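Each chain is listed here by its residues.
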Amino acid sequence: MLIPHPLLGLRDAQEFTYLGDARLIDRPDPSAPDAEAAFCDYVFLRDNPAGVHREFWFHEQGDRSWLVVTRDTVTHEVLGAELARDAALSRTRCSK
Amino acid sequence: MKFSGFRVFAEALKGHTGWRPLWRNPDPKPSYDYLIVGGGGHGLATAYYLAKTFGRSRIAVLEKGWLGSGNVGRNTTIIRSNYLLAGNEPFYEFSMKLWEGLEQELNFNAMVSQRGIINLFHTDAQRDAFRRRGNAMMLAGAGARLLGREELRAMVPFLNYDNARFPIKGGLMQARAGTARHDGVAWGYARGGDSHGVDLIQNCEVTGFRLDRGKVRGVETSRGYIAADKVGVAVAGSSSRVMAMAGMRLPIESHVLQAFVTEGLKPTIPGVITFGAGHFYISQSDKGGLVFGGDIDGYNSYAQRGNLPVVEDVAEGGMALMPMIGRARLLRMWGGVVDMSMDGSPIIDRTHIDGLYLNGGWCYGGFKATPASGYAFAHLLATGAPHETARAYRIDRFARGHVVDERGAGAQPNLH
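Residues numbered from 1 in each chain as written. Chains lettered and ligands numbered in written order. Predicted model: local features only at pLDDT ≥ 70, side-chain atom pairs only at ≥ 80, totals over all residues.

S.K.: Go over the overall build of chain B, please, and point to the residues and values.
M.R.: In terms of regular secondary structure, chain B is built from eleven helices and 18 strands. Once the C-alpha set of chain B is aligned to its principal axes, its extents read approximately 65 × 65 × 40 Å. Burial status across chain B gives 51% buried among its 416 residues. By sequence separation, contacts in chain B at least 24 residues apart represent 75% of the contacts at least 6 residues apart. (Helix = DSSP H or I, 4+ residues; strand = E, 2+ residues; numbered from the N terminus. Buried ≥ 20, exposed ≤ 12 C-beta atoms within 10 Å, placed from the backbone. Contact = placed C-beta atoms within 7 Å.)

And the structure:
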């Protein structure tokens with residue numbers, strides 16, 4: 001698999017390590033009353049879809065940036081990639 | 001139809017005209033007491049024990065494709081019970097004991113061959129850890145033997161004992177471990193279940209669950225609605241997809257695991273050898289092919305095929321361990337989709353939906369568990385209580401903090 005790094009162009013997936021579902025970008029509020037249950041879901045439960053999946057890849061053997069890669073889990077086709085930082089900044093969590 | 005040596009002889013005289021199909025191919029009835037979703041090793045074993053051991057009737061197995069078309073025919077056929085943790089070892093040893101009596105039980109040749117497994121170690125710390133695991137195995141009655149370097153060399157002289165990075169210092173052996181004919185296991189359980197009245201329904205994909213006030217009423221399938229009191233799901237690899245139809249999210253990611261087989265060679269490898277440090281394990285099939293594999297690819301996948309970096313990693317591991325296999329030509333390679341659970345251990349439990357049960361999360365080790373998994377799941381479905389060896393495999397263990405982390409690697413599937 002080749003991952004289209006937004007800064008470095010096409011890079012071999014071997015240069016990356018994998019973390020999984022990019023929904024982990026939305027960390028639960030630790031001071032919420034249901035924080036314990038929310039963190040349990042956050043740590044352990046996954047959607048695990050067959051098809052398009054947004055997921056974290058870490059460019060460990062490269063520029064050490066975190067990417068959010070969109071990939072099809074049925075065909076392994078890589079559909080796109082963006083910097084995780086940009087993905088986080090576009091979320092309300094990091095808008096302040 | 002009972003199989004025996006006499007029967008083979010008699011059929012030979014009659015031109016083999018008396019053999020009959022191993023099971024019926026019935027259409028689904030409108031309702032059953034027990035529905036098992038998934039006609040693989042675990043599902044078929046569940047149906048068999050439910051009918052035979054627990055005396056239940058009105059049972060059906062629903063299979064999307066043909067029986068045994070998933071991971072039961074894609075694994076590397078190893079059976080063993082060399083675990084450490086108290087939540088695991090009695091369960092896998094129960095499975096090992098069922099393997100030892102399986103062929104007589106099923107009257108079917110599953111080619112169970114107890115040729116032994118050796119886990120190699122390379123450091124003092126690893127030797128200590130393996131000694132501890134061997135003690136845990138002996139406490140559970142599984143038997144274990146710690147082999148020194150020279151003892152090991154006498155048994156398997158062809159290993160590279162002086163590898164610069166991982167010199168071999170010895171191994172932990174379980175002599176009762178070995179291999180089995182994986183398709184034969186599925187066929188044996190299917191035939192056994194069928195002869196006890198289980199309906200094996202193929203080409204019947206479950207497309208949804210019918211739920212009513214927190215209880216399961218039946219399943220929607222590609223061959224119509226089927227009502228059932230209890231539904232057991234045993235579809236490892238696709239557990240998340242099937243349980244999502246009941247609105248559940250699971251502590252599971254689906255990953256791809258690759259396996260390889262070479263052309264047939266004369267007998268060279270006496271048992272199963274695992275080289276954990278080099279991400280490589282190997283055995284030799286009865287047909288002569290070297291059967292080997294390594295790590296999962298490490299990213300979510302439903303593709304049933306992997307990518308070349310892991311092929312290279314496995315080949316490097318093999319060459320580092322036994323340089324002689326560089327002369328063998330690879331015949332086939334394939335991938336299977338496995339349920340990687342968050343702690344590396346399976347789930348055999350009821351769900352929060354009354355009458356709906358889950359058997360899954362087998363990671364890359366489901367085959368060896370097939371008999372005990374089927375037995376424990378049947379026990380759960382029939383009695384409502386977990387089998388005594390499967391009590392640790394509750395689905396709520398993650399929330400309670402009682403994970404069964406055999407590798408000690410933490411809550412991250414691609415680390416197990």
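Once you've had a look at it, read on.
S.K.: Let's hear about the packing of helix 2 (residues 41-52) of chain B against helix 7 (residues 182-195) of chain B: which residues, and what values?
M.R.: Residues and elements named next belong to chain B. The contact between helix 2 and helix 7 brings their axes to 8 Å, and the two run at 30°. Taken together, the axes of helix 2 and helix 7 lie roughly parallel to each other. Pair helix 2 / helix 7 crosses with left-handed handedness. Contact residues: helix 2 offers Gly41, Leu44, Ala45, Ala47, Tyr48, Ala51 and Lys52, while helix 7 offers Val185, Ala186, Tyr189, Ala190, Gly192 and Gly193. For the contact of helix 2 with helix 7, the residue count by class is nine nonpolar, three polar and one charged. (Axes fitted to C-alpha atoms, helices over the stretch in contact; angles between N-to-C directions. Parallel < 35°, antiparallel > 145°, perpendicular 65-115°, else oblique. Left-handed = near helix turned anticlockwise from the far one by under 90°. Nonpolar A, V, L, I, M, F, W, Y, C, P; charged D, E, K, R; others polar.)

S.K.: How would you sum up the domain arrangement of chain B? Please name residues and give values.
M.R.: Looking at the assigned domains, one finds that chain B contains domain 1 (27-78 + 182-251 + 368-394) and domain 2 (119-175). The distance between the C-alpha centroids of domain 1 of chain B and domain 2 of chain B comes to 38 Å. (Domains from an automatic or database assignment.)

S.K.: Can you tell me about the sheet that holds strand 13 (residues 272-275) of chain B, naming the residues and giving the values?
M.R.: Residues and elements named next belong to chain B. The strand order across the open sheet formed by eight strands is 5-6-4-13-14-15-12-16, and the pairing between neighbours is mixed. Here the strands that pair on one side only, and so sit at the sheet edges, are strand 5 (145-148) and strand 16 (330-341). Between one strand axis and the next, the sheet turns through 25° on average, direction left out of account. Relative to strand 15 (residues 289-300), strand 14 (residues 280-284) runs antiparallel, the two sharing four bridges. Bridged to tyrosine 281 within strand 15 is glycine 293. (Pairing = 2+ DSSP bridges.)

S.K.: Could you give me a rundown of the pairing of strand 17 (residues 347-350) of chain B, with the residues and numbers involved?
M.R.: Inspection of the sheet shows strand 17 of chain B paired to strand 18 (residues 356-360) of chain B by four bridges, in the antiparallel sense. Within strand 18 of chain B, the position partnered with aspartate 349 of chain B by the bridge is leucine 358 of chain B.

S.K.: An account of the pairing of strand 1 (residues 2-5) of chain A is requested, with residue identities and associated values reported.
M.R.: Residues and elements named next belong to chain A. What you see with strand 1 is a clean split: Ile3 and His5 sit on the buried side and Leu2 and Pro4 on the side with no burial. Examined bridge by bridge, strand 1 and strand 2 (residues 9-12) share four bridges and lie antiparallel to one another. Residue isoleucine 3 lies in a different strand from strand 2, and its bridge partner there is arginine 11. Between the end of strand 1 and the start of strand 2, which pair antiparallel, lie three residues.

S.K.: Summarise unusual backbone geometry; cite the residues concerned and give the values.
M.R.: Positive phi is not limited to glycine here, since arginine 64 of chain A has a value of about 55°. Looking at the secondary structure, you find arginine 64 of chain A in the loop between strand 4 (52-58) and strand 5 (66-72). For arginine 64 of chain A, a count of 8 C-beta atoms within 10 Å gives the class exposed. With a phi angle near 55°, histidine 279 of chain B is a residue other than glycine that sits in the positive phi range. Tracing the sequence through the fold places histidine 279 of chain B in the loop between strand 13 and strand 14. Judged by the 17 C-beta atoms lying within 10 Å of it, histidine 279 of chain B falls in the partly exposed class.

S.K.: Explain the nonpolar core residue by residue, including any values.
M.R.: Membership of the largest hydrophobic core comes to 114 residues, with the highest contact counts inside it found for Leu35 and Val37 of chain B. When residues are assigned to domains, this core turns out to be shared by domain 1 (27-78 + 182-251 + 368-394) and domain 2 (119-175) of chain B, each giving three or more. Here valine 37 of chain B is in contact with Leu62, Val206, Val219, Val231, Gly232, Val233, Ala234, Val235 and Val242 of chain B, once residues within four sequence places are set aside. Within the second largest apolar cluster, nine residues are counted, among which are Phe16, Ala22, Leu67 and Val69 of chain A. (Core = buried A, V, L, I, M, F, W, Y, C linked by C-beta atoms within 7 Å.)

S.K.: Just give me the short version of the interface of chain A and chain B, but keep the residues and values in it.
M.R.: At the junction of the two partners, chain A supplies 18 residues and chain B supplies 21 residues. When contributions to the side of chain A that touches chain B are tallied by element, the ones reaching two or more residues are strand 3 (17-21), helix 1 (35-44) and strand 4 of chain A. For the side of chain A that touches chain B, the element with the most residues is helix 1 of chain A, which contributes three residues. A breakdown of the residues in the side of chain A that touches chain B according to their chemical character gives eight nonpolar, seven polar and three charged.

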